[in-house]
Each structure stands twice: as C-alpha cells, then as structure tokens.
Amino acid sequence: ASVVAADLIAQAEHDVVARAILLSPDRGIIEEVDAEVAAQLEALPEPNRSTAREAFRQSFAVLCSSVDECVKISDDIAPEHLEIQTRDATAVGMRCANYGGLFVGEGAAEVLGDYGAGPNHTLPTGGTGRYTGGLSVFNFLRIRTWMRIDDREGSQGMVNDSIVMARLEGLEGHARAAEARSLKK
C-alpha cells in the first residue's frame with residue numbers, strides 16, 4: 001500500500017487539476033492505500049502538499065468486481081500513466097489497450113519512466129491514449145501515400161464502387177470523375 005500511495009501522490013503533486021486514480025477489486029487494499037496517502041501527504045513539504053491535496057479532491061478509487069473490470073475501466077479512462085501492480089502484472093498489462101505509458105510491476109514506477117529509464121515523458125493526456133501514443137521518432141517522419149493504376153479493366157470494380165459511394169455521399173463531381181474512368185459508356 002505504501003508504494004501505491006507514493007505513486008498516487010507523485011501524480012497528484014503535478015498540479016491541482018491532476019487526477020490520481022486507483023482501480024482495485026480488493027476493498028482492503030483501497031482502504032490501506034487511502035490511509036497511506038493521508039499519512040504520506042502529511043509528510044510532504046510545501047508547496048507539493050497543498051498541490052497534491054487539491055488534486056486529491058478530484059482523484060478517486062474504484063472498487064471493481066474483478067481485474068477484468070479494472071482493465072475495462074482503465075481502457076475507458078485511457079490514462080496518461082498506467083501502473084499495473086498486481087499478481088500476473090505482465091499478463092494484465094498486455095490486456096490493456098488505452099494508455100500513454102504502461103509501467104508493469106512494483107519496480108516499474110512512473111517516476112522512473114520520467115527521469116531514469118525512459119521510454120518517454122511526452123505522453124497523451126485527457127483520454128487521448130484511446131487513439132494515439134507517446135511522442136516518438138515516428139511523429140517526425142513525413143508519411144506520404146501515393147497510388148498508380150495502370151490496369152483499367154482490373155480497376156473497374158473499384159471504379160464502380162467509387163461511383164456508388166460518391167453518389168451516396170452526394171458528391172456528384174466525384175461520381176463523374178470516377179465515371180470518366182469507367183469502361184461502361
């Protein structure tokens with residue numbers, strides 16, 4: 001409980017609108033962590049203590065019916081940082097899909113990801129982990145797509161589908177551009 005509490009406080013001290021969230025299927029663990037958070041907050045110096053206290057006003061714990069429910073709720077939240085501290089942490093972590101950074105096991109503290117081990121400190125916030133990941137070299141690559149179609153007969157299924165789709169979308173100019181490539185005249 002003391003390690004989990006320390007990690008929650010580390011998130012809460014970022015700013016007054018930070019949210020530290022605990023998901024667990026064990027009421028006893030939630031109660032132990034809550035008591036540890038209260039004790040550790042008292043020992044935190046200012047201004048960190050005031051900032052964390054304010055952040056804990058919108059932070060919360062969720063008593064889940066199972067680890068499966070923990071995974072589902074976590075995926076719905078899509079947290080910036082997701083720590084998995086449970087039995088079979090790796091297996092549970094591999095079931096999680098939406099997060100900025102995943103920290104598996106008690107030794108993989110988020111703070112180590114920030115300052116020591118990497119892999120990244122620029123992560124998606126506000127639930128955007130549902131559709132994007134952390135900043136990486138791929139963000140600096142320019143992706144360009146192109147196509148070439150030389151087989152007019154072989155492309156007729158695509159041409160006909162494009163005519164239908166364009167008209168369904170109300171884009172007559174698109175439909176006519178596709179028809180210009182149709183072998184049905």
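Keep in mind the model is a prediction, meaning the values are calculated, not measured.

> Where do I start with the nonpolar core in this structure?
Judged by nonpolar contacts, the single largest core of 16 residues is most densely connected at Leu 8, Val 33, Val 37, Leu 41 and Phe 56. Only helix 1 (2–12), helix 2 (27–43) and helix 3 (48–55) provide two or more residues apiece to this core. Looking at which element gives the most residues to this core, the answer is helix 1, with five residues. Every residue in contact with Leu 41, bar those within four places of it in the chain, is listed here: Ile 9, Arg 49, Ala 52, Arg 53 and Phe 56. Counting six residues, the second-largest nonpolar core is a separate cluster that includes Val 71, Leu 82, Val 92 and Cys 96.

> Before we go on, may I ask you to explain the side chain of Thr 51 in this structure?
Along the chain, the position of Thr 51 falls in helix 3. Apart from residues lying up to four places away in sequence, Thr 51 is in contact with Ala 12, Glu 13, His 14, Asp 15 and Val 16.

> Would you explain unusual backbone geometry in this entry?
What is expected of a backbone is that most residues other than glycine have negative phi and most peptide bonds are trans. Here Glu 46 and Pro 47 are connected by a cis peptide whose omega angle stands at 5°. Positionally, Pro 47 belongs in the loop between helix 2 and helix 3. You will see that Ala 78, though not glycine, has its phi angle at about 55°, which is positive. One can find Ala 78 in the loop between helix 4 (67–77) and strand 3 (81–84). Positive phi, close to 55°, is recorded for Asp 88, a residue that is not glycine.

> Please explain the layout of surface pockets as it appears in this structure.
Here the idea is plain: a probe the size of a water molecule rolls over the atoms and shows the empty space left. Reported here for the largest pocket is a volume of approximately 1,300 Å³. Lining the largest pocket are 44 residues, with Ile 21, Leu 22, Leu 23, Leu 82 and Glu 83 sitting closest to its centre. The set of elements that each furnish at least two residues to the lining of the largest pocket consists of helix 1, strand 1 (21–24), helix 4, strand 3 and helix 6 (110–115). For the lining of the largest pocket, the per-class residue count stands at 22 nonpolar, 11 polar and 11 charged. One number sums up the size of the second largest pocket: a volume of about 280 Å³. Contributing to the lining of the second largest pocket are Met 147, Ile 149, Arg 152, Ser 155, Gln 156, Met 158, Val 159, Ser 162, Ala 177, Ala 178 and Arg 181. Looking at the lining of the second largest pocket, the elements that each hand over two or more residues are helix 7 (156–168) and helix 8 (172–179).

> What exactly am I supposed to notice about a negative patch on the surface here?
Taken together, the side chains of Asp 26, Glu 31, Glu 32 and Asp 34 make up a negatively charged region of the molecular surface. Note on placement: Glu 31 falls in helix 2.

> Even after reading the chapter, I still don't get the environment of Arg 144, so can you show me in this structure?
Within the element layout of this structure, Arg 144 appears in the loop between helix 6 and helix 7. A relative accessible area of 61% means that Arg 144 is categorised as exposed. Taking the C-alpha atoms as reference points, Arg 144 and Ala 78, separated by 66 residues in sequence, lie 29 Å from one another.

> What should I look at first to understand the environment of Glu 69 in this one?
Summarising the element assignment, Glu 69 is placed in helix 4. With a relative accessible area of 29%, Glu 69 lands in the partly exposed category. Considered as a pair, Glu 69 and Ser 24 are 45 residues apart in the sequence and their alpha carbons are 9.0 Å apart. At a separation of 2.4 Å, a polar atom in the side chain of Glu 69 contacts the main-chain amide nitrogen of Ser 65.

Cut-offs used in this document
- Residues numbered from 1 in each chain as written.
- Predicted model: local features only at pLDDT ≥ 70, side-chain atom pairs only at ≥ 80, totals over all residues.
- Heavy atoms only, no water.
- Core = buried A, V, L, I, M, F, W, Y, C linked by side-chain atoms within 4.5 Å.
- Buried < 20%, exposed > 50% of the residue type's maximum accessible area, 1.4 Å probe, protein only.
- Helix = DSSP H or I, 4+ residues; strand = E, 2+ residues; numbered from the N terminus.
- Contact = heavy atoms within 4.5 Å.
- 1 Å grid on protein atoms, 1.4 Å probe; cavity = no way out; pocket = protein on both sides within 12 Å on 5 of 7 lines; lining within 4 Å.
- Points joined across faces, edges and corners; volume = space filled by probe spheres on them.
- Nonpolar A, V, L, I, M, F, W, Y, C, P; charged D, E, K, R; others polar.
- Patch = residues over 30% accessible without salt bridge, like charges linked within 9 Å, V, L, I, M, F, W, Y side chains within 5 Å.
- Areas by Shrake-Rupley, 256 points an atom, 1.4 Å probe, with all protein chains shown as cover.
- Salt bridge = Lys/Arg side-chain N within 4 Å of Asp/Glu carboxyl O.
- Lys, Arg positive; Asp, Glu negative; His and termini not counted.
- Charge placed at Lys NZ, Arg CZ, Asp CG, Glu CD.
- Polar contact = N/O pair within 3.5 Å; in protein donor to acceptor, adjacent residues only side chain to side chain.

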